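Reading the structure
Spelled out from the first residue to the last, the chains are:
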Amino acid sequence: NDPDIVQSYGFRVDSRSVSAEPLYAGRVEQHELPDCIEADYVDGGTTLIRRSVIEQLGGMDEKLCIYAEDVDLCFRTRRLGYKVVAISRAKAYHRYYEKRTEGPPPYQVFYSTRNRIYIAGKHYGQRTKWRVVAQCLLLRFLRRDNVRRVVQRGGKPEIVIAYYLGVLYGALGLMGKRLFLE
């Protein structure tokens, strides 16, 4: 609805928590964006990648059917020695899902949580994977008011269930299209 709002201009990923921070997110004037920046990953919906690179990568990781497949693709591309960049002249417009007042759907919570844990183990090792699992469990436990607010706001206890199932599936390595998309 507002083309002056930047959802992302690439992302940085914190190697300890495996959480992503969008670069230059929010209201940004075109002249404030650098022409080109290196990023840890770029949003999959706006990614252009050569077929030869996809072939070198051996394709997409089929364990990631939705959410974080772009993170994995960019991480593996960088490991091959290529750069991942965002270019300010390239633009894509889409409805930003955080504008929804009812909150995210359960499948999004499930896959985002599960796949974050998977990415942690795959790209940062088992120690980081288990640290992320602990963070997911402890932060939610210590901040019960956040869980209560989510349920009260949307009246959706299934969002909380989806979150904890995502943590469980991620910890156990249960990947692929399961539960929410079957």
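Read on for an overview of the structure. Small disclaimer: the values here were computed from a predicted structure and weren't measured. (Residues numbered from 1 in each chain as written. Predicted model: local features only at pLDDT ≥ 70, side-chain atom pairs only at ≥ 80, totals over all residues. Heavy atoms only, no water.)

Looking at the pattern of salt bridges
Evaluated as defined, the whole model comprises seven salt bridges. What emerges from the salt-bridge pattern is a single network uniting Asp61, Asp72, Arg76 and Lys122. (Salt bridge = Lys/Arg side-chain N within 4 Å of Asp/Glu carboxyl O.)

Describing unusual backbone geometry
For Val18, which is not glycine, the phi torsion reads 55° and is therefore positive. Its location among the elements puts Val18 in the loop between β2 (11–13) and β3 (20–22). Positioned with a positive phi, Tyr67 is a non-glycine residue whose angle comes to about 70°. With respect to the element layout, Tyr67 can be found in the loop between α1 (51–57) and α2 (69–79). (Helix = DSSP H or I, 4+ residues; strand = E, 2+ residues; numbered from the N terminus.)

Some details on the packing of α2 against helix α3 (residues 106–124)
At a minimum axis distance of 11 Å, the contact between α2 and α3 shows a crossing angle of 10°. With respect to α3, the element α2 is oriented roughly parallel. Residue-level contacts link Val71, Asp72, Phe75, Arg76 and Arg79 of α2 to Ile119, Lys122, His123 and Tyr124 of α3. Among the residues forming the contact of α2 with α3, the class breakdown is four nonpolar, one polar and four charged. (Axes fitted to C-alpha atoms, helices over the stretch in contact; angles between N-to-C directions. Parallel < 35°, antiparallel > 145°, perpendicular 65-115°, else oblique. Contact = heavy atoms within 4.5 Å. Nonpolar A, V, L, I, M, F, W, Y, C, P; charged D, E, K, R; others polar.)

Remarks on the side chain of Lys129
Among the structural elements, Lys129 can be located in helix α4 (residues 126–142). Salt bridges are absent for the buried Lys129, whose nearest opposite-charge side chain, Asp61, sits at 13 Å. In this view, Lys129 contacts Ile117, Ala120, Gly121, Gly170 and Ala171; residues no more than four positions away in its chain are not counted. (Buried < 20%, exposed > 50% of the residue type's maximum accessible area, 1.4 Å probe, protein only. Lys, Arg positive; Asp, Glu negative; His and termini not counted.)

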